[in-house]
Amino acid sequence: MDSTPRMTTADALLAYLRAKGVDRIFFVPGGGAMHLNDALARSEIGPVHCHHEQACGIAAEAWGRVRGHAGVAMVTTGPGATNILTPVAGAWIESTPLVVVSGQVKRADLKAGTGVRQRGAQEVDVVAMAATSCKFATTVMSPEEALRSICKAWHLANSGRMGPCWVDVPLDVQGAPYPGDWAADAARFEKELLAAEAAAQAPVPAQWAMDTDALLAAVSRASRPVLLVGHGVRLAGCAQRLVEVMRRHEIPAVFTWNAMDMLEWDDPLNAGRPGAIAQRCANLAVQRSDLLITIGARMDNVVTAYNPRGFARNAQKIVFDIDTAELAKLEGAATHRWQATAEAALAAVDAAFAKAETRPADRRPWLSWIADVKRRFPARDGAKPAAKGPIESADVAHELSTAVPEGALVVTGSSGLCVESFYLGFRNRAGQRVFLTSGLGAMGYGLAAAIGACEAQPGRRAVLVESDGSLMMNLQELATLRARAPDLAIVLMDNAGYASIRLTQRNYFKGRHVGTGGEAGVLFPDWRATCGAFGIAYDEVDDLANVGGALARLMDPKASGPRLLRVGLVKDEALWPRCASLPQPDGSMLSMPLEDMTPLLPIDVLREWMGGEVAPASLAARGL
């Protein structure tokens with residue numbers, strides 16, 4: 001009698017994922033995923049146990065960002081599955097590849113079609129919940145369907161406009177013997193999938209078809225071109241190609257936050273990071289340009305300051321996007337909108353600049369202007385920090401710019417004043433990788449994302465920049481961090497609560513604080529004691545004079561393992577410069593153009609940098 005254990009469906013799924021390059025799965029075990037969990041224990045994939053399913057999803061998403069293909073999270077049924085919905089939504093908005101494999105009650109206990117709210121133990125129809133934030137989500141009903149679905153999930157997550165996919169596997173399907181050769185079946189399923197995709201592929205609709213003649217004409221007329229580069233360029237594997245095209249034709253670019261690491265800050269072709277909360281130099285560069293070409297960025301409200309029509313208002317605007325829905329939303333806000341991959345867009349731009357009547361030498365005055373505006377308007381318009389005393393988040397961003405080594409992974413929290421201040425002031429260096437989940441802006445992202453990033457590239461120096469409020473939302477993952485013990489330096493910016501909410505309540509609600517910190521009865525722990533409990537090395541600094549030394553100790557090449565530096569910040573600080581709407585005497589609000597950020601520049605200074613052209617709102621705001 002043959003006593004060799006047969007391969008289960010769960011085994012087949014994990015074997016497929018391993019063959020695709022997955023060497024870590026982030027998971028929390030559970031009874032509804034018991035066969036999946038056991039298959040993971042017996043597989044060649046390293047299990048990374050987190051203490052909350054939200055952290056599993058975040059870590060897997062970050063692992064995928066660093067590796068360049070989908071990360072995988074494994075959760076159980078019921079609350080295990082619902083807990084991971086937040087990072088799935090984040091991956092959907094960010095177009096980052098992610099595969100979730102969840103356990104489910106056995107097929108006989110599924111409530112589908114019965115009208116009852118629950119039938120199996122801990123059962124929820126999580127696929128219905130996840131479907132609007134996934135490219136593909138399904139509950140499988142047989143071993144063959146399970147393998148076919150994991151093949152489809154992997155392909156869709158990593159192709160086209162990338163995003164999350166979800167395969168929900170009932171308990172009895174997980175444990176069922178896989179009837180056949182999984183590798184041969186997977187190859188057949190993939191072949192069928194690609195054939196069906198090719199057969200269904202339609203030509204680009206005429207309204208979105210690229211017009212290379214129009215592109216060439218626009219490039220030929222432009223003396224002040226600028227690219228707007230988004231994360232989609234990196235997702236497409238085109239980061240190096242982008243830089244090659246920029247250097248060949250001497251085209252400057254502005255970058256979204258998730259794309260900022262494609263070119264170091266000091267490069268003369270880097271014009272900054274524009275938006276509602278932005279560097280003044282970047283916004284001025286956008287508004288002075290006469291040609292804006294957008295690749296891999298979806299022109300969201302944060303970047304355009306809620307005014308896509310006024311963004312680069314003096315320029316011809318050409319938008320390339322893989323998704324026609326993103327193009328359609330820009331009706332009236334762009335000169336040309338063309339559907340194309342980032343790779344095709346860069347090829348077209350490269351060819352157009354090569355054929356154009358204007359040459360790189362013709363753009364030297366424009367590059368000189370960009371160098372001048374970067375010098376004139378660095379972070380906080382060049383305001384010099386004090387030598388000692390209370391610390392502001394902008395001071396930390398300034399010091400981190402020199403303290404973080406070249407080539408480091410830099411993961412940040414995703415919302416709040418401290419994070420915004422970091423992206424306003426951090427001057428990224430060569431080889432660094434910097435990211436966050438900017439679209440959803442989920443609190444609690446930083447620590448779990450840093451764990452995933454470290455697992456993706458073990459041994460690479462890594463830095464987490466996080467705030468106290470955000471860290472509290474996944475504090476339990478300090479245990480995961482200690483267990484995995486990566487070389488991670490954590491900079492915890494501690495402003496005693498939720499500074500951005502505190503600022504909003506002070507500015508708009510007469511200082512009636514609720515849910516902001518100690519002043520509103522919100523408790524935060526003693527961070528030294530907290531780190532001690534988790535076995536994390538701890539240091540702290542509360543005076544500006546000592547920040548540089550504290551960061552040097554944290555980043556010391558001889559240091560290893562997880563360690564945390566608490567930086568005590570002032571509780572109340574303003575974030576500037578920023579785009580704002582100004583209250584008027586009649587009670588209305590005056591929306592300011594992108595280039596005219598608060599605090600307002602003298603009108604003659606603004607007019608100089610805008611080449612003599614000033615928007616009516618800028619005159620009205622100054623009573624002119």
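### Notes on the packing of aromatic side chains
- A full pass over the atoms with the stated rule returns 8 aromatic pairs.
- Measuring from ring centre to ring centre gives 4.7 Å for W257 and Y423, while their planes differ by 10°; the resulting arrangement is stacked. Remark: Y423 occurs in helix α19 (residues 417-425) and W257 occurs in the loop between β8 (253-255) and α13 (280-288); sequence separation between them is 166 residues.
- Classification of W257 as buried rests on a relative accessible area of 15%.
- Given the relative accessible area of 1%, Y423 is considered buried.

### So, the pairing of strand β16 (residues 537-541)
- Two strands pair when backbone bridges link them, and β16 and strand β17 (residues 563-568) are joined in this way by 5 bridges, in the parallel orientation. For D539, the partnering residue across the bridge sits in β17 and is L565.
- Crossover β16 to β17 through helix α25 (residues 547-554) is right-handed.

### Examining the nonpolar core
- Among the nonpolar cores identified, the biggest contains 52 residues, and F26, W166, F435, L447, L481, L488 and L564 are the most heavily contacted of them.
- Among the elements that make up this core, the one with the highest residue count is helix α20 (residues 445-456) (9 residues).
- L447 has contacts with L464, E466, L471, N474, E477, L478, L481 and I490, leaving out every residue within four places of it along the chain.

### Quick notes on the sheet that holds strand β13 (residues 433-435)
- Strand order in this open sheet of 6 strands is β13-β12-β14-β15-β17-β16, and the pairing throughout is parallel. The two strands at the open ends of the sheet, each matched to only one other strand, are β13 and β16. This sheet shows a mean twist of 15° between the axes of neighbouring strands, independent of strand direction.
- Lying on the sheet, α25 is in contact with β15 (488-494), β16 and β17; it crosses β17 at an angle near 170°.

### Section: the pattern of salt bridges
- Evaluation of the coordinates by the stated rule reveals 41 salt bridges.
- Where R248 meets D350, a salt bridge forms, and the shortest distance between an N and an O atom there is 2.9 Å. Of this pair, R248 sits in helix α12 (residues 239-249) while D350 sits in helix α16 (residues 342-355), and the two are 102 residues apart along the sequence.
- You can call D350 buried: its relative accessible area is 11%.
- R506 is the partner of D572 in a salt bridge, and the nearest nitrogen-oxygen pair spans 3.1 Å. With D572 in the loop between β17 and β18 (581-583) and R506 in helix α23 (residues 499-508), this residue pair connects regions lying 66 residues apart in the sequence.
- Overlapping salt bridges, with partners in common, bring together D23, R24, R67, E455 and R484 in one network.

### Here's the deal with helix α5 (residues 85-94)
- Listed as buried for α5 are P87, V88, A89, G90, A91 and E94.
- Against the buried residues of α5 lie α3 (53-67), β4 (98-104), β6 (164-170) and α11 (231-235).

### Remarks on the packing of helix α10 (residues 212-221) against α16
- Interaxial distance between α10 and α16 falls to 9 Å at its minimum, and their mutual angle equals 55°. Classified by the angle between their axes, α10 and α16 sit oblique to one another. As for how α10 packs across α16, the hand of that crossing is right-handed. Residue-level inspection shows L215, L216 and V219 of α10 in contact with α16, the latter providing A348, V349, A352, F353 and K355.
- A breakdown of the residues in the contact of α10 with α16 according to their chemical character gives 7 nonpolar, no polar and 1 charged.

### Description of helix α22 (residues 477-484)
- Taken residue by residue, α22 has E477, L478, T480 and L481 as its buried positions. The arc that holds every buried residue of α22, seen down its axis, measures 155°, which confines them to one face.
- Summarising the contacts, the buried residues of α22 are in contact with β2 (46-49), α3, α20, β15 and α24 (527-534).

### Some points on the sheet that holds strand β7 (residues 225-229)
- Pairing in this open sheet of 5 strands is parallel, and the strands run β8-β7-β9-β10-β11 from one edge to the other. At either margin of the open sheet sits one strand with a lone partner, and together these are β8 and β11 (336-339). Direction aside, the axes of adjacent strands within the sheet are offset by 15° on average.
- Here strand β10 (residues 316-321) runs beside β11; their pairing, made up of 4 bridges, is parallel. Looking at β11, one finds that F320 is bridged to W338.
- Strand contacts of α10: β9 (291-295), β10 and β11, with the helix running at about 135° to β10, the strand carrying the most contacts.
- Sitting on the sheet, α16 touches β7, β9 and β10, and the angle it makes with β9 is about 150°.

### Considerations on the packing of α3 against α20
- Packing of α3 against α20 leaves a shortest axis separation of 7 Å and a crossing angle of 45°. The angle between α3 and α20 places the two elements in the oblique class. In this structure, the crossing between α3 and α20 has a hand that is right-handed. Here A55, I58, A59, E61, A62, W63, R65, V66 and R67 of α3 lie close against α20, whose contacting residues are Y445, A448, A449, G452, A453, E455 and A456.
- Looking at the contact of α3 with α20 residue by residue, the classes come out as 11 nonpolar, 1 polar and 4 charged.

### Points about the side chain of E455
- Among the structural elements, E455 can be located in helix α20.
- Side-chain polar atoms of E455 contact the side chain of R484, separated by 2.7 Å.

How each quantity is defined
Residues numbered from 1 in each chain as written. Predicted model: local features only at pLDDT ≥ 70, side-chain atom pairs only at ≥ 80, totals over all residues. Heavy atoms only, no water. Phe/Tyr/Trp six-rings, centres within 6.5 Å; stacked < 30°, edge-to-face > 60°. Helix = DSSP H or I, 4+ residues; strand = E, 2+ residues; numbered from the N terminus. Buried < 20%, exposed > 50% of the residue type's maximum accessible area, 1.4 Å probe, protein only. Pairing = 2+ DSSP bridges. Right-handed = clockwise from strand over helix to strand, strands pointing away. Core = buried A, V, L, I, M, F, W, Y, C linked by side-chain atoms within 4.5 Å. Contact = heavy atoms within 4.5 Å. Axes fitted to C-alpha atoms, helices over the stretch in contact; angles between N-to-C directions. Salt bridge = Lys/Arg side-chain N within 4 Å of Asp/Glu carboxyl O. Parallel < 35°, antiparallel > 145°, perpendicular 65-115°, else oblique. Left-handed = near helix turned anticlockwise from the far one by under 90°. Nonpolar A, V, L, I, M, F, W, Y, C, P; charged D, E, K, R; others polar. Arc of directions from axis to C-beta. Polar contact = N/O pair within 3.5 Å; in protein donor to acceptor, adjacent residues only side chain to side chain.

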